[in-house]
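Residue strings, one per chain:
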Amino acid sequence: MAVSLRSIMDFPIPEARQTVTARDAIFYALTVGYGTKPLDPAHLRRVQEEDLRPVPTMANVVAHAGPWMKDAGVDWQRLVHSEHRLTIHRPLPLDTPLKSRSRMLSVVDRGPEKGMFATFERTILAEANETPVATIVQTNACRGDGGCGSAGTPLEPLPPVPDRAPDAVFAIAVPENAALLYRLNGDLNPLHSDPAYAARSGFPRPILHGLCTFGYAGYAIGRTLGTNEIADVGFIAARFTAAVLPGDRLEFDIWRESHDIRFRARVPARAVTALDYGTARLA
């Protein structure tokens, strides 16, 4: 039975709270590529307590509201992350109480056999004065929930990557245990750890979290476009177009387009594009 449109559009998404410690920030950085060159000062500034600079994409895992769509009636086992947009308003503060506030933006129904896209916005705020830290707009493909009807205003589509050779290509190997480590940032969905659950969801083995690949994208852009530092992104967005498997080798195609950056992530060994329609701007 299809989920009720009202049950998801009107669902009271819970607020969540978190105080990010240096240990949290260092662990996150180590799960998305930082620290892979342990003698490089630019890496060490992200993985040592002294003068620590939290990674911008860590905002994706801070004060997360949890699997609330499951509580709203969505078929959780058939849900996959479809698109993600992150805007950084100010650097992520450490040892500061933070909270998140979320709201549904739209449901785009594709029909009973095709599922729907559900998009929501999550804003991370400093709890004391409600100063915004980051805004996240997430779209989930709910593959088992079509036929419920549409509501809200869909997002403007992300632009495609340029039709020319990339200005740079950055390659990085994803460790075999990457999903088992990344899940400790807060996303304990068994799709990323349990082989039997992954098989029931239609995958040959547990897959990497989409937001882990997204974090690698932020690292790849910062490492490629930074000089002596790993540059920070101020905005980054992409579509998730294929699953990444732990152990894959990712190649990021990167283009400079005036002040904007375009990118995609490929897995050459399996001839798939994992992230597409990527766009970013440096902080």
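Below or above, wherever it landed, is the structure these notes cover. Keep in mind the model is a prediction, meaning the values are calculated, not measured. (Residues numbered from 1 in each chain as written. Predicted model: local features only at pLDDT ≥ 70, side-chain atom pairs only at ≥ 80, totals over all residues. Heavy atoms only, no water.)

**Quick look at the packing of aromatic side chains**
Per the counting criterion, the structure on display carries six aromatic pairs. When the ring of Phe214 is compared with that of Phe240, the centres are 6.3 Å apart and the planes differ by 45 degrees; the resulting orientation is tilted. One end of the pair, Phe214, is in helix α7 (residues 210–225); the other, Phe240, is in strand β8 (residues 233–240), and 26 residues separate them in sequence. Since its relative accessible area comes to 0%, Phe214 is described here as buried. Between the NZ or CZ atom of Arg239 and the centre of the ring of Tyr277, over which it lies, the distance is 3.8 Å. (Phe/Tyr/Trp six-rings, centres within 6.5 Å; stacked < 30°, edge-to-face > 60°. Helix = DSSP H or I, 4+ residues; strand = E, 2+ residues; numbered from the N terminus. Buried < 20%, exposed > 50% of the residue type's maximum accessible area, 1.4 Å probe, protein only. Lys NZ or Arg CZ within 6 Å of the ring centre and 35° of its normal.)

**Concerning the environment of Asp194**
For Asp194, the location among the structural elements is in the loop between α5 (178–182) and α6 (195–200). In this structure Asp194 comes out as partly exposed when scored by relative accessible area, which is 31%. With 13 residues separating them in the primary sequence, Asp194 and Ile207 have C-alpha atoms 9.5 Å apart. Polar side-chain contacts of Asp194 include one of 3.0 Å to the backbone nitrogen of Ala196. (Polar contact = N/O pair within 3.5 Å; in protein donor to acceptor, adjacent residues only side chain to side chain.)

**Examining the environment of Pro157**
When you line up the elements, Pro157 lands in the loop between β6 (151–152) and β7 (168–173). As for Pro157 and Thr139, which are separated by 18 residues in sequence, their C-alpha atoms are 12 Å apart. Discounting residues that sit within four places of it in the chain, Pro157 has contacts with Arg85 and Arg239. (Contact = heavy atoms within 4.5 Å.)

**Details of helix α2 (residues 22–31)**
All of the buried residues in α2 are Ala25, Ile26, Tyr28, Ala29 and Thr31. Looking at the buried positions of α2, the neighbouring elements they touch are α3 (41–47), α5 and α7. Positive backbone phi, approximately 110 degrees, marks Gly33, located one or two places after α2.

**Points about α7**
Taking 1.5 Å per residue, 16 residues should reach 22 Å; α7 reaches 23 Å between its end C-alpha atoms and fits that length. When you tally the buried positions in α7, you get 13 out of 16 residues, the bulk of the element. (Expected span 1.5 Å × (residues − 1).)

**Structural notes on the side chain of Asn60**
Relative to the assigned elements, Asn60 resides in the loop between α3 and α4 (68–71). Within polar-contact distance, the side chain of Asn60 engages the side chain of His84 at 2.7 Å. Not counting residues within four places of it along the chain, the set of residues in contact with Asn60 comprises His84, Leu86, Arg122, Ile136, Leu211 and Phe214.

**With respect to the pairing of strand β11 (residues 272–282)**
When β8 meets β11, the two strands line up antiparallel, connected through six bridges. Opposite Phe240, over in β11, you have Leu275 as the bridge partner. Linking strand β10 (residues 260–267) to β11, which pair antiparallel, is a turn of four residues; within it Ala271 sits at a positive phi near 55 degrees. (Pairing = 2+ DSSP bridges.)

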